[in-house]
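Working through the structure, step by step
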Amino acid sequence: MNISRFKIFTTDRRKIIDYLKDHFSFEYEKHSSNMSILADEQFYFRNSSTQMNMVILKIEKSSIDIDIIGGAGGRGLLNIDLWSEKSYIKKVSKILVQFSEEFKIKMEEK
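All values derive from a computational prediction rather than experimental measurement.

**Points about the overall build of the chain**
Helix and strand counts for the chain come out as 2 helices and 6 strands. Reading the chain from its N end, one meets helices and strands in the order β-α-β-β-β-β-α-β. Expressed as a percentage of its 110 residues, the buried residues of the chain come to 44%. Put simply, of all contacts in the chain between residues at least 6 apart along the chain, 55% involve residues at least 24 apart. Surface summary for the chain: the accessible area is close to 6600 Å², and the carbon and sulfur share equals 53%.

**Digging into the side chain of S63**
With respect to the element layout, S63 can be found in the loop between β4 (49-59) and β5 (64-71). At a separation of 3.3 Å, a polar atom in the side chain of S63 contacts the side chain of K7. For S63, the contacting residues outside a window of four places in its chain are K7, I8, F9, T10, T11 and K58.

**Some remarks on helix α2 (residues 84-102)**
Helical periodicity: at 3.6 residues per turn, an α-helix aligns residues three or four positions apart in one direction. With 19 residues, α2 extends 27 Å between its outermost C-alpha atoms, agreeing within 8% with the 27 Å of an ideal straight helix rising 1.5 Å per residue. All of the buried residues in α2 are S84, E85, Y88, I89, V92, S93, I95, L96, F99 and S100. If you follow the buried residues of α2, they end up packed against β1 (2-8), α1 (13-23), β3 (35-44), β4, β5 and β6 (107-109). Downstream of α2 by a residue or two, K104 has a phi angle that is positive, lying close to 55°.

**A short note on the nonpolar core**
Core analysis: the largest hydrophobic core is formed by 23 residues, its most contacted members being I16, L20, V55, I66 and L96. Taken together, the elements giving at least two residues each to this core come down to β1, α1, β3, β4, β5 and α2. The leading source of residues in this core is α2, at 6 residues. Residue contacts for L96: discarding those within four places in its chain leaves F6, I16, L20, I66, I68 and M107.

**Regarding the pattern of salt bridges**
As enumerated under the stated definition, the model contains 6 salt bridges in all. Linking K21 and E29 is a salt bridge whose minimum nitrogen-to-oxygen distance equals 2.9 Å. The class of E29 is partly exposed, set by a relative accessible area of 30%. Taken together, the shared-partner salt bridges connect K7, D65 and K110 into one network.

**Digging into the sheet that holds β5**
The 6 strands are arranged β2-β3-β4-β5-β1-β6 in an open sheet whose pairing can be described as antiparallel. Bordering the open sheet on either side are β2 (28-31) and β6, each of which pairs with just one other strand. Across this sheet, the average inter-strand angle for adjacent strands is 15°, counted without regard to direction. Strand direction decides the pairing type here: β2 and β3, joined by 4 bridges, are antiparallel. If you follow E29 over to β3, its bridge partner there is L38. α2 rests against β1, β3, β4, β5 and β6 of the sheet, and its axis sits at about 155° to β5.

About the thresholds
Residues numbered from 1 in each chain as written. Predicted model: local features only at pLDDT ≥ 70, side-chain atom pairs only at ≥ 80, totals over all residues. Heavy atoms only, no water. Helix = DSSP H or I, 4+ residues; strand = E, 2+ residues; numbered from the N terminus. Buried < 20%, exposed > 50% of the residue type's maximum accessible area, 1.4 Å probe, protein only. Contact = heavy atoms within 4.5 Å. Areas by Shrake-Rupley, 256 points an atom, 1.4 Å probe, with all protein chains shown as cover. Polar contact = N/O pair within 3.5 Å; in protein donor to acceptor, adjacent residues only side chain to side chain. Expected span 1.5 Å × (residues − 1). Core = buried A, V, L, I, M, F, W, Y, C linked by side-chain atoms within 4.5 Å. Salt bridge = Lys/Arg side-chain N within 4 Å of Asp/Glu carboxyl O. Pairing = 2+ DSSP bridges. Axes fitted to C-alpha atoms, helices over the stretch in contact; angles between N-to-C directions.

Have a look at this one:
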């Protein structure tokens, strides 16, 4: 499992979620008053395994903490992940950077 954490300095969680959903599909969504979980399971042909990918958004006082999790890759042939977990994190991180640049919102890696 690989995890990457970011802090984005806005409290408009819906805007971030909509932006992520424009670029990724999520089979599971759960929202509460201060937290959202987006998840999807993907099959990777290159290592013949499935992987659970998640994005968790938690509202703090004046920012949103975002955890990107790529997990359970490498359960296929020979139990290797061929960097599929890190690849997912890199893709989501890139979209979050695009979001912050497009809307001129400060973002930092934790």
